[in-house]
Structure formats: C-alpha cells, structure tokens
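# Structural overview
Single-letter residue listing:
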Amino acid sequence: MSNYHCLEVWGDLACFTRPELKVERFSYPVITPSAGRAIFEAIYWKPRFRWHLRLVELLTPPRYLALRRNEVKEKAPSESTLNRWRLGNEKIEPIWADASGGNDQKGRTQRQTMALKDVRFRLHAEMVVWPQAAGEITSLEAQFRRRAARGQCHSQPYFGCREFPAYFRLVEDPSKEPPPLDLDLDLGWMLYDVFERDRYQDSSAAPSVSAFEAKVVRGRLEVPEYSDPRVRKPQRREAR
C-alpha cells in the first residue's frame, strides 16, 4: 500500500443513497466507492489520471437520522435544452417550487431521508495514471499530498448530497492511526460507480452503473478493481 493515499474524512451528516430507495432516500451505512472517489477528486484531479478507492475503514458506528425536506418534483433540464436557452433559441422555463399549475408533476413535495450522522471514515485510494502520463506519477502524487496537507480543494467535498459537507485531513502514516471499529456488516449489493472506470478519460463514454457485493470485515470495506468479475456491470456496446 506504499503508493496509496489516505484521508481521514468526517462530517455531521451523510447520505449514500441505495438505488432501490432513491425516492424516499435511505443511506448505505458506509460510504460508496463513487462518493469516496469524488472526495479525492474535489481535492485534486487532472485528465491524466483517475482515482480508485481501495479501502474504507469505519471509525464511528453507523447511526441514522430521519430528515424531511422540501424537494421539487421536476428534474433538471437536459444539456440540449440548456444550450438552446443559452443561445436564445428557446424561451427559458425555470422550475417553480410553489407553482404547480394543476400539474402533479410540478411544484414541490416533502420527502424523507434516512441519513447518517456524525460519520468518520479513513479512505485509502490509488492514483492510477493513464498510459500517456505514466512518467508524471511522482509529480502528480506530490501535488495531491501538498494540497491535501494544506486543506486545499477545488470544490467543497461532500457526503453524498452537496448540503452535507465533508472535512478532511491527510494521513501521512496510516500504520500510526488507531484501528477501525471491530464491526462486521453484510451490505448486499452496493453501488460501485456510474462511469466505466477504464474509460473515465473518455468524455463521450455514456454513464454505466456498476455494483458489487460489499462486506465490512472488522471495520474494513475492501473495494475490488473495476475489471474484477465481482464487479457487476452491463456488457459494453462497442460503437459501430
């Protein structure tokens, strides 16, 4: 694990929504690989590499908090619609929270969220450079460590929802840190990511949801490689 980078992350609230319970959100008890990746990317990311979360250590027991929030029913408009608005080719139609106009698909509604509270994890991730940038790995890793040690980030890291900020510190020597909780959990199928990890630098690649059977053993959740057969993913359709 000498080439891994370690962060201790914590926050007041978190929600890593199970896909089968996305309307009335119910959080996994542990951070998902995609949410952990996003924290590293918020600190430092370039098109020359990708982050792969390898290991999650639980430092506090999972505790839930029920929240009710007002949410709009409509989805954000598509990219093509936004471009037409930007170019003035179509009239802008904002999402109004308090004006349904007799349409049940508009306006706002109350939804419940089963969120986690007082969370703290230790995340171990590997910086995987693309072949064309193999010679830059040393400098890229040094830049990440420098930024993380100073508390710098491109955007505020968060735990699943942007209103749940995540705070972090760089762990220089994980072997000197206290051990994780002595806790075993069988989490069933967990969301792995929403992108094809081996094509992440390809901006034209369509979203591709993958999942794996997650098990916490003595407070440690190990994350397999994307290419591992334990990661279930849709069959790739090659462009013709």
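Quick notes on the rules
Residues numbered from 1 in each chain as written. Predicted model: local features only at pLDDT ≥ 70, side-chain atom pairs only at ≥ 80, totals over all residues. Heavy atoms only, no water. Helix = DSSP H or I, 4+ residues; strand = E, 2+ residues; numbered from the N terminus. Rg over C-alpha atoms; globule rule 2.2 N^0.38 Å. Buried < 20%, exposed > 50% of the residue type's maximum accessible area, 1.4 Å probe, protein only. 1 Å grid on protein atoms, 1.4 Å probe; cavity = no way out; pocket = protein on both sides within 12 Å on 5 of 7 lines; lining within 4 Å. Points joined across faces, edges and corners; volume = space filled by probe spheres on them. Nonpolar A, V, L, I, M, F, W, Y, C, P; charged D, E, K, R; others polar. Pairing = 2+ DSSP bridges. Expected span 1.5 Å × (residues − 1). Arc of directions from axis to C-beta. Contact = heavy atoms within 4.5 Å.

Turning our attention to the overall build of the protein chain. A tally of helices and strands in the protein chain yields 3 helices and 8 strands. The linear arrangement of helices and strands in the protein chain, starting from the amino end, is β-α-β-β-α-β-α-β-β-β-β. For a compact globule of 240 residues, the expected C-alpha radius of gyration is about 18 Å, and the protein chain comes in at 20 Å, within 12% of that figure. If you line up the protein chain on its principal axes, its C-alpha atoms span 60 × 45 × 40 Å. Per-residue burial for the protein chain yields a buried fraction of 39% across its 240 residues.

Moving on, we come to the layout of surface pockets. Space inside the largest pocket adds up to approximately 530 Å³. Lining the largest pocket we find 19 residues, and of these C15, T17, S34, G160 and L191 sit closest to its centre. When contributions to the lining of the largest pocket are tallied by element, the ones reaching two or more residues are α1 (33-43) and β3 (64-72). Element by element, the count of residues in the lining of the largest pocket is highest for α1, at 4 residues. Class assignment of the residues belonging to the lining of the largest pocket gives a composition of 10 nonpolar, 4 polar and 5 charged. In this structure, the second largest pocket occupies an estimated 320 Å³ of space. For the second largest pocket, the full set of lining residues is T17, K22, V23, R25, E71, V72, K73, E74, K75 and R111. Considered class by class, the residues forming the lining of the second largest pocket number 2 nonpolar, 1 polar and 7 charged.

Turning to the pairing of strand β2 (residues 49-58), a few remarks are in order. By the criterion of burial, β2 is predominantly enclosed, with 10 of the 10 residues buried. Bridging between β2 and strand β4 (residues 108-129) involves 9 bridges; their strand directions are antiparallel. Across the sheet, the residue bridging to W51 is M127, located in β4.

Positive phi outside glycine occurs at D118, with the angle close to 50°. Position of D118 among the secondary structure elements: in strand β4. On the basis of relative accessible area, D118 is assigned to the partly exposed category, the value being 39%. With a phi close to 55°, R218 is a non-glycine residue in the positive phi region. Among the secondary structure elements, R218 is positioned in the loop between β7 (210-217) and β8 (220-222).

Let us now look at helix α3 (residues 137-150). Its 14 residues give α3 an end-to-end C-alpha distance of 20 Å, which sits within 8% of 20 Å, the value for a rise of 1.5 Å per residue. Taken together, the buried positions of α3 are L140, E141, F144, R147 and A148. Seen along its axis, α3 keeps its buried residues to an arc of 130°; they face one direction. Along α3, the residues that are exposed and aim more than 90 degrees away from the buried face are T138, A149 and R150. The inward-facing, buried residues of α3 contact β1 (4-14), α1, β2, β4 and β5 (167-171). G151 occupies a position one or two residues after α3 and carries a positive phi of about 75°.

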